[in-house]
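Coordinate inspection notes
These are the residues of each chain, in order.
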Amino acid sequence: INITFSKNVNDFIESDIIITNGKIDQFSGGGSNYEFYLNPDSDGEVTVKINANTASDSDGNGNYQSKLFSVLYDRTSPEVILSTNVETPTQLKSIPMYLTFSEPIVNVHKLDFSITNGEIKNIQGFNTSYTFDIIPIKAGYIGLSIPAGKIKDSAGNGNVASEYFTIKYDNNIY
């Protein structure tokens, strides 16, 4: 972060900077230019501000309060749960599925899935909730997962790998 005053100031120090949800690292500078690294404490909003009259010029004039600098910090990968309300084994030729994320994600595409003995169709939804259908290819177990990093949140964090989901398709139950 760079801080620039309109004039040289004499008494500006690290503790004059007010930060929420973060810490200052490597504070340096002098005159009218100062800089530091901002290290967020956790996901969420990180803010920086400088109160009025914390630094003064050679005539003793104090600074104005800075505008609030704010940035959203997000390093958490979305977690994903695959589920259905269909019991196994099933004869359904289109198995309804639910996809739930721990935080909003950008988009879901059928290529994001790893599937055996089935096809993904009719993906719909937004934010944290999606639905889709599995179309079985032949009798037997259908395996489904979403590998790590396939689906991203708005900060670009890739998903945590889903658990491996299985359901048995049997077109000769009755």
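Below is a summary of the structure that appears in this document. (Residues numbered from 1 in each chain as written. Predicted model: local features only at pLDDT ≥ 70, side-chain atom pairs only at ≥ 80, totals over all residues. Heavy atoms only, no water.)

1. Thoughts on the overall build of the chain
Along its length, the chain carries zero helices and 13 strands. In sequence order, the secondary structure elements of the chain are arranged as β-β-β-β-β-β-β-β-β-β-β-β-β. Here the C-alpha atoms of the chain give a radius of gyration of 27 Å, more than 25% beyond the 16 Å that 2.2 N^0.38 yields for 174 residues. With respect to the three principal axes, the spread of C-alpha positions in the chain is 95 × 25 × 20 Å. Within the chain, contacts between residues separated by at least 24 positions form 56% of all contacts whose residues are at least 6 apart in sequence. (Helix = DSSP H or I, 4+ residues; strand = E, 2+ residues; numbered from the N terminus. Rg over C-alpha atoms; globule rule 2.2 N^0.38 Å. Contact = heavy atoms within 4.5 Å.)

2. Re the nonpolar core
Nonpolar side chains in soluble globular proteins tend to be buried together. Judged by nonpolar contacts, the single largest core of 21 residues is most densely connected at Leu99, Phe113, Phe132 and Leu144. Ranked by residue count, the leading element in this core is strand E8 (residues 95-101), at four residues. Contact partners of Leu144, with chain neighbours within four places excluded, come to Leu82, Met97, Phe113, Ser114, Ile115, Ile120, Phe132, Ile134, Glu163, Tyr164 and Phe165. Phe5, Val9, Val48 and Ala55 belong to the second largest nonpolar core, which has 14 residues in total. (Core = buried A, V, L, I, M, F, W, Y, C linked by side-chain atoms within 4.5 Å. Buried < 20%, exposed > 50% of the residue type's maximum accessible area, 1.4 Å probe, protein only.)

3. Structural notes on the pattern of salt bridges
Per the counting criterion, the structure on display carries three salt bridges. Here Asp41 makes a salt bridge to Lys23, at a shortest N to O gap of 2.9 Å. Linking Asp41 in the loop between strand E4 (33-40) and strand E5 (44-50) with Lys23 in strand E3 (residues 22-30), this pair joins segments that are 18 residues apart in sequence. Assessed through its relative accessible area of 44%, Asp41 is described here as partly exposed. Residue classification places Lys23 among the exposed positions, given a relative accessible area of 51%. Between Glu119 and Lys121 there is a salt bridge; the shortest N-O distance is 3.7 Å. For Glu119, a relative accessible area of 40% puts it in the partly exposed group. (Salt bridge = Lys/Arg side-chain N within 4 Å of Asp/Glu carboxyl O.)

4. A closer look at unusual backbone geometry
Between Thr88 and Pro89 the backbone carries a cis peptide bond, its omega angle lying at 0 degrees. Within the secondary structure layout, Pro89 lies in the loop between strand E7 (80-83) and E8. With a phi angle near 60 degrees, Asn53 is a residue other than glycine that sits in the positive phi range. Its place among the elements puts Asn53 in the loop between E5 and strand E6 (69-73). Taking relative accessible area as the criterion, Asn53 reaches 61% and is therefore assigned exposed. Phi at Asn117 is positive, roughly 60 degrees, even though this residue is not glycine. Relative to the helices and strands, Asn117 resides in the loop between strand E9 (114-116) and strand E10 (118-126).

5. So, the environment of Phe12
Secondary-structure assignment places Phe12 in the loop between strand E1 (2-4) and strand E2 (17-20). Along the backbone, Phe12 and Tyr164 are 152 residues apart, and their C-alpha atoms lie at a distance of 56 Å. Residues contacting Phe12, with those up to four places away along its chain left out, are Ile3, Phe5, Ile17, Phe27, Tyr34, Ile50, Thr54 and Ala55.

6. Some remarks on the pairing of strand E13 (residues 165-169)
The alternating pattern of E13 places Phe165, Ile167 and Tyr169 on a buried face and Thr166 and Lys168 on a face that is not buried. Where strand E12 (residues 140-145) lies against E13, five bridges are found, and the strand directions are antiparallel. Bridge assignment links Ile142 to a residue of E13, and that residue is Ile167. (Pairing = 2+ DSSP bridges.)

7. Describing the pairing of E7
Only one face of E7 is buried: it carries Val80 and Leu82, and the other face, with Ile81 and Ser83, is open. As paired strands, E7 and E8 are joined by four bridges and run antiparallel to one another. Its bridge partner lying in E8, Leu82 is registered against Leu99.

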